[in-house]
Amino acid sequence: MTLPRTIAVLAVIAVTAAGCAELDVGSDVLWTAQFETGSFSEWSDVGGGAVEVFPMPPNIAEVSNERPHRGGSAAKLTVTAPSGESRQTAQLTRAGGLPADGYYSAWYYLPVSVNVGTYWVIFKFRTRDDPTDASTAGERFDLDLTNMGTGEMTLRLYDHRGGGNVPLAAADPIVPVGSWFHIEAHYRDTPEGDGRVTYWLNGRLLVDVETPALRTAEWVEWDVSSIGENLSPATAVLYVDDCAVSRTRVGPTGTIARD
Amino acid sequence: MILTPAVARGGDGAPPAPVEPSAAIAGTSTCPTPSAVWTEVTTLLPHDRLQERLRALASSSPLVDVTDGGATVRVVAAGRVREFREEARDCAYRARVAAVFAALTIDPAAIIAPPVPPVANAPAAPPVPTAPPPPPMPALVRIELGIAVDAGVNTSTTAVHAGGALRLAAGRGRLAFVAGVMPLLPADVSVGGVRLRQWRLPADVGVRGRATSATVEAYGELGIAVALLSERALDLARADSGATVELGVRAAVGYRLATASRFAPFVALQAELVPFPPAILALPQGVAGHTPLLWIGATAGVSMGVQ
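As a starting point, this report considers the structure included with it. (Residues numbered from 1 in each chain as written. Chains lettered and ligands numbered in written order. Predicted model: local features only at pLDDT ≥ 70, side-chain atom pairs only at ≥ 80, totals over all residues.)

## Notes on the interface of chain A and chain B
A common way to express how large an interface is: the accessible area buried when the components associate.
Step number 1: Contacts between chain A and chain B engage 21 residues on the former and 26 residues on the latter.
Step number 2: Listing elements by their share of the side of chain A that touches chain B, those giving two or more residues are helix 1 (3-19), strand 1 (22-27) and strand 2 (29-33) of chain A.
Step number 3: The dominant element in the side of chain A that touches chain B, judged by the number of residues it contributes, is strand 1 of chain A, at six residues.
Step number 4: When the residues that make up the side of chain A that touches chain B are grouped by side-chain class, the tally is 10 nonpolar, seven polar and four charged.
Step number 5: Examined bridge by bridge, strand 1 of chain A and strand 14 (residues 279-283) of chain B share four bridges and lie parallel to one another. Bridge pairing links A:Ser27 to B:Leu283 in strand 14 of chain B. (Contact = placed C-beta atoms within 7 Å. Helix = DSSP H or I, 4+ residues; strand = E, 2+ residues; numbered from the N terminus. Nonpolar A, V, L, I, M, F, W, Y, C, P; charged D, E, K, R; others polar. Pairing = 2+ DSSP bridges.)

## A few points about the sheet that holds strand 15 (residues 286-290) of chain B
Step number 1: Within the open sheet, the four strands sit side by side as 11(B)-1(A)-14(B)-15(B). Their pairing is mixed. The sheet is open, and its two edges are formed by strand 11 (238-239) and strand 15 of chain B, each paired on a single side.

## Regarding helix 3 (residues 47-56) of chain B
Residues and elements named next belong to chain B.
Step number 1: Buried residues of helix 3: Leu-50, Arg-53 and Leu-54, and no others. The arc enclosing the buried residues of helix 3, seen along the axis, measures out at 100°, which places them on a common side. Away from its buried face by more than 90 degrees, helix 3 exposes Asp-48 and Ala-56. (Buried ≥ 20, exposed ≤ 12 C-beta atoms within 10 Å, placed from the backbone. Arc of directions from axis to C-beta.)

## Some thoughts on unusual backbone geometry
Residue and element names in this part refer to chain A.
Step number 1: Backbone torsion omega between Phe-54 and Pro-55 reads -15°, so that peptide bond is classified as cis.
Step number 2: Locating Pro-55 in the fold gives a position in the loop between strand 3 (49-54) and strand 4 (60-64).
Step number 3: Cis peptide bonds are those with omega within 30 degrees of zero, and the linkage from Met-56 to Pro-57 qualifies with -10°.
Step number 4: Along the chain, Pro-57 falls in the loop between strand 3 and strand 4.
Step number 5: In this model, Asp-242 sits at a positive phi of 50°, which is unusual for a non-glycine residue.

Below you can see the structure in the form of structure tokens.
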């Protein structure tokens, strides 16, 4: 190879390498669950993490490759909540060790439309007065799937402190059936009493509400759940994937892990 | 012909009597005659000096004897004999030659080193025009040291770095090889909402073209730039740092004062285009953005010429 050709080849390599240069400077993502291990270890192997299913059977939580959002696996939460039965639960939970000011997000897939008779909670926050005393735990916000008059599925936010639904910024947002949708919440609870919760559905603002702090212990429990009562059909399946806790907003286009 | 320095001395306080020509130069020669020789001697030696020397050499017989030998002339002076051939019998010429012999005998120092006329009486010589000095040869190498600022213009916040600059230009012609390095201090920037501490070390090689006037040298540069770039996240939950190499094209213009000294101040403006700026990756944004596509800066300092 002649010298000029060698120089040209080296120059092309250098320019190509420079063109592909990427600088990974870190991450604001604190924790993820992508289920690519084929298990719930991402939940169960961290302090306060658990998979809770009761009663079991008939309710089931499993890792499935039937309908992954990204990668090859997703969580499949199945509850059977016929009319007249009490609450049915299949949930992935992280209790404690979470930021009191953080962004919590997950992808959901609803294969069929479900008629919600009483409630169907899919995204939940709980807090404690005393982080070391589980008996001081209290429910805070439930994001529920429900139905519109047109039969389409939508969301509502229930405030346990206020004892009622919080008006949404966008009335009756449509939750897609048969396609993945992204729910993200910015939960901020501070001792200074300037707490705030904000929810997005597929990146669009769902609700933004001030929440004067009642819990100053900065203890948070976050549940990705399928907690239902009086559903029709009684057996409801919900797929969950790519759950994340982040210091900054992820959004539907965000990246929670390196490929 | 016999020349005898018969000296007549004056009385007390009176000036001495002048020496008679016949007392100094004598002989039977008619070509030249002793008087003609004397006349020539008086043109060779100043009168006072001649009288002084003749009195100092005073003797009983004439000092010089001139004999005409037809085709030759024989001169006897103070016992030394000089004879020269002159067949044309040019008496004036013979007198001048014989006078030289006589003057050499009377006052050898005066003949060898005749007195220089007083300068004050000589007309002032016109000044000799001197050629203008040749223009100084341009320095073979110029070393430039200065302070620099460099700003990246397409980040969310403009990154302004300050630092130093060291450049070297080699060549005396209108074109010169040039190379430089610009160590810059870190600066805080924001790329896609990700705050970073950015550090950059650009270097370049290229060609400098220059035009020089009496007072200033203007130059332009074009070359290839390479920069070591380091980025460190400032406030991510997991803050990492990374480094890479940028490749680009650099252009600059500058001015340097054309001084007689080896040192001269200079100023320059430079721009560097990085066609493929590195991407900044941060989760959860993914590709938060890219480092600057264009860098613009200025340098000022001192240039030193080395021959």
